[in-house]
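Given next are the chains, with one letter for each unit.
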Amino acid sequence: QVQLVESGGGLVQAGGSLRLSCAASGRTFLSSAMGWFRQAPGKEREFVAGIRWSGGSTYYADSVKGRFTISRDAAKNTAFLQMNSLKPEDTAVYYCAAGDGGKHGSSYYHWGQGTQVTVSS
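This text gives an overview of the structure that appears in the document. (Residues numbered from 1 in each chain as written. Predicted model: local features only at pLDDT ≥ 70, side-chain atom pairs only at ≥ 80, totals over all residues. Heavy atoms only, no water.)

1. Quick word on the overall build of the chain
Then step 1. Assigned secondary structure in the chain consists of 0 helices and 11 strands.
Then step 2. For the chain, the sequential pattern of α-helices and β-strands runs β-β-β-β-β-β-β-β-β-β-β.
Then step 3. Taking 2.2 N^0.38 as the reference for a compact globule, 121 residues should give roughly 14 Å; the C-alpha atoms of the chain span a radius of gyration of 13 Å, in line with that estimate.
Then step 4. Seen along its three principal axes, the alpha-carbon backbone of the chain occupies a region of about 40 × 30 × 25 Å.
Then step 5. The buried share of the chain, reckoned over its 121 residues, is 45%.
Then step 6. When the accessible area of the chain is evaluated, it comes to approximately 6000 Å², of which 47% is carbon and sulfur surface.
Then step 7. Between the averaged position of the 12 positive side-chain charges in the chain and that of its 8 negative side-chain charges there is a distance of 5 Å. (Helix = DSSP H or I, 4+ residues; strand = E, 2+ residues; numbered from the N terminus. Rg over C-alpha atoms; globule rule 2.2 N^0.38 Å. Buried < 20%, exposed > 50% of the residue type's maximum accessible area, 1.4 Å probe, protein only. Areas by Shrake-Rupley, 256 points an atom, 1.4 Å probe, with all protein chains shown as cover. Lys, Arg positive; Asp, Glu negative; His and termini not counted. Charge placed at Lys NZ, Arg CZ, Asp CG, Glu CD.)

2. Section: the nonpolar core
Then step 1. Core analysis: the largest hydrophobic core is formed by 34 residues, its most contacted members being Trp36, Val48, Phe68, Leu81, Met83 and Tyr94.
Then step 2. With 5 residues, the top contributor of residues to this core is strand S9 (residues 92–99). (Core = buried A, V, L, I, M, F, W, Y, C linked by side-chain atoms within 4.5 Å.)

3. Quick look at the pairing of strand S7 (residues 68–73)
Then step 1. Pairing of S7 with strand S8 (residues 78–83), which is carried by 6 bridges, proceeds in the antiparallel orientation. The residue bridging Arg72 from the neighbouring strand is Ala79, located in S8. (Pairing = 2+ DSSP bridges.)

4. A word on the sheet that holds strand S3 (residues 18–26)
Then step 1. Spatial ordering of the open sheet is given by S1-S3-S8-S7, a layout of 4 strands whose pairing is antiparallel. Both edges of this open sheet fall to strand S1 (2–7) and S7, since each of them pairs with a single strand only. Here the strands of the sheet are splayed against their neighbours by 15 degrees on average, with no regard to which way each runs.
Then step 2. In this sheet, S8 lies alongside S3 in antiparallel orientation, the contact comprising 6 bridges. Opposite Leu18, over in S8, you have Met83 as the bridge partner. (Axes fitted to C-alpha atoms, helices over the stretch in contact; angles between N-to-C directions.)

Laid out in structure tokens, this is it:
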């Protein structure tokens, strides 16, 4: 079993930065990939960024390319999402997930509880 716990969310002004962490336990990073998703009020969950466990290749939603960076630290069983140049439209609950990878939530089988990110203008 895999358990994921997000942290690092908070309130930040537009243009600021936040670094989210996703601590994994249990069977840890046996999944082929990890990803970050977000869900804003009244909207569906959407893909943000993903990273392959083997090789570490990354991929991003067009809306965050050049601003967000996903990474992982195998020794700490932790994934990260560095968010720079934040915009009000980035406001959402951010979820860490582990699974087969890709940009679709259905390909991920383990999910964290979510952490709130609020960007003020």
